[in-house]
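Below, each chain spelled out in residue letters.
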Amino acid sequence: ILHPLPMTMPYHHPHLELPVPPLHLPWYFAALCWSFTLGGIVMLILTPAWVKYGGGYQQETKQYKRHWFPYRIFAWTLILLQGPSSFLADYVHMTDVSIWHILDRFLASACMSLELIKVITMFPYTRPITYVLYVVSVVGAVYCFMRSQESQGTLDAEGFVFWHSGWHCQP
């Protein structure tokens, strides 16, 4: 019998020592895996002034002061690496033993580190309200990730899908 939603393979939870039934993943869960790719594309298309011009025009040197953050490299990493690995780990191989889980964790950690460094770097170049909204967004994403990990550990499938989708909403 075909189910309208993709279904993962059942498995035995290694820590809880319980059988885990198949997980039915909604279509938006797959789509949100690509939010990192979309975020990278938006970063390149709507590059903020602080990236283009840094600290502004310096009269004494007659040049724009630049920041050191690798903004475009970060955007391309989201587009080419994080989006596809997220989709393959979180959707295609959700309950399988796969190298994609290791790669996704490594890239997610590296990209979140870059995101935090970007937040620190952009502070002197952005308006206070923009900065506060950005920080709230990042904190919200981390909160969603922590809740998704908690849901995964307790085999709360609906909670995991909800919270992990929230984590993917802040690329």
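All residue numbers here refer to positions counted from 1 along the written sequence of the relevant chain. This being a predicted model, a pLDDT of at least 70 is required before a residue's local features are given, and a value of 80 or more before pairs of side-chain atoms are given or counted; all residues contribute to the totals for chains, interfaces and linings. Side-chain numbers here rest on the full set of heavy atoms in the structure, without hydrogens or water.

Draft legend 1. Here's a closer look at the overall build of the protein chain. In terms of helices and strands, the protein chain carries seven helices and four strands. Overall, the protein chain shows an N-to-C arrangement of helices and strands of β-β-α-α-α-β-β-α-α-α-α. Classification of residues uses two cut-offs on accessible area relative to the type maximum, computed with a 1.4 Å probe and protein chains only: under 20% is buried, over 50% is exposed, and between them is partly exposed. Buried residues in the protein chain amount to 37% of all 171 residues. Working note: accessible area of the protein chain is about 10600 Å², and carbon and sulfur atoms make up 70% of it. Strands are runs of DSSP state E lasting at least 2 residues, helices are runs of H or I lasting at least 4, and numbering of each runs from the N terminus. Here the open area of atoms and residues is found with the Shrake-Rupley method and a 1.4 Å probe, where only the protein chains shown may cover a residue.

Draft legend 2. Layout of the packing of aromatic side chains. Any two of the Phe, Tyr and Trp rings considered here, Trp counted by its six-membered ring, make a pair once their centres fall within 6.5 Å; the pair's planes then place it as stacked at under 30 degrees, edge-to-face at over 60, or tilted in between. Under the defined criterion, the tally for this structure stands at 12 aromatic pairs. Here the aromatic rings of Tyr143 and Trp163 are separated by 5.6 Å at their centres, their planes lie at 85°, and the arrangement is edge-to-face. Here the residue Tyr143 occupies a position in helix 6 (residues 128-153), and Trp163 occupies one in helix 7 (residues 157-168), the gap between them amounting to 20 residues. With a relative accessible area of 43%, Tyr143 lands in the partly exposed category.

Draft legend 3. A look at helix 2 (residues 35-45). Those residues of helix 2 that fall on the buried side of the exposure criterion are Ser35, Phe36, Thr37, Gly39, Gly40 and Met43. Contacts are assigned to residue pairs that have any heavy atoms within 4.5 Å of one another. Residues of helix 2 that are buried make contact with helix 1 (27-33), helix 4 (71-92), helix 5 (99-122) and helix 7.

Draft legend 4. Expanded view of the nonpolar core. By nonpolar core is meant a set of buried Ala, Val, Leu, Ile, Met, Phe, Trp, Tyr and Cys residues that side-chain atoms within 4.5 Å join together. The biggest cluster of nonpolar side chains holds 19 residues, and the ones touching the most others in it are Met43, Trp50, Phe69, Tyr71, Phe74, Leu78 and Trp167. Elements with a minimum of two residues in this core: helix 2, helix 3 (49-53), helix 4, helix 5, helix 6 and helix 7. If near-sequence neighbours (up to four positions away) are discounted, Met43 is found in contact with Tyr71, Phe74, Ala75, Leu78 and Lys118. Core analysis: the next-biggest nonpolar cluster, separate from the first, contains nine residues, Leu23, Leu25, Ala30 and Cys33 among them.

Draft legend 5. Structural view of the confidence of the model for the protein chain. In this model, the protein chain carries a mean pLDDT of 85, and residues with pLDDT of at least 70 account for 81%. The secondary-structure element of the protein chain with the lowest mean pLDDT is strand 1 (residues 11-12), recorded at 56, while helix 2 shows the highest, at 96. As a per-residue measure, pLDDT reflects the predictor's confidence and takes values from 0 up to 100.

Draft legend 6. Structural view of the packing of helix 5 against helix 6. All axes here are fitted lines through C-alpha atoms, helices being fitted over the stretch that makes contact, and every angle between N-to-C directions spans 0 to 180 degrees. Packing of helix 5 against helix 6 leaves a shortest axis separation of 10 Å and a crossing angle of 155°. Relative to helix 6, helix 5 is oriented roughly antiparallel. Relative to helix 6, the crossing made by helix 5 is left-handed. Contacts between helix 5 and helix 6 involve Arg105, Met112, Glu115, Leu116, Lys118, Val119, Ile120 and Met122 from the first element and Tyr131, Tyr134, Val135, Val138, Val142 and Gln149 from the second. Under the grouping applied here, Gly and all other residues not named as nonpolar or charged are polar, the nonpolar ones being Ala, Val, Leu, Ile, Met, Phe, Trp, Tyr, Cys and Pro and the charged ones Asp, Glu, Lys and Arg. Looking at the contact of helix 5 with helix 6 residue by residue, the class counts come to 10 nonpolar, one polar and three charged. Every angle not falling under 35 degrees, over 145, or within 65 to 115 is termed oblique; those three ranges are roughly parallel, roughly antiparallel and roughly perpendicular. Helix crossings fall into two classes, left-handed where the near helix is turned counterclockwise from the far one by less than a right angle and right-handed where it is turned clockwise.

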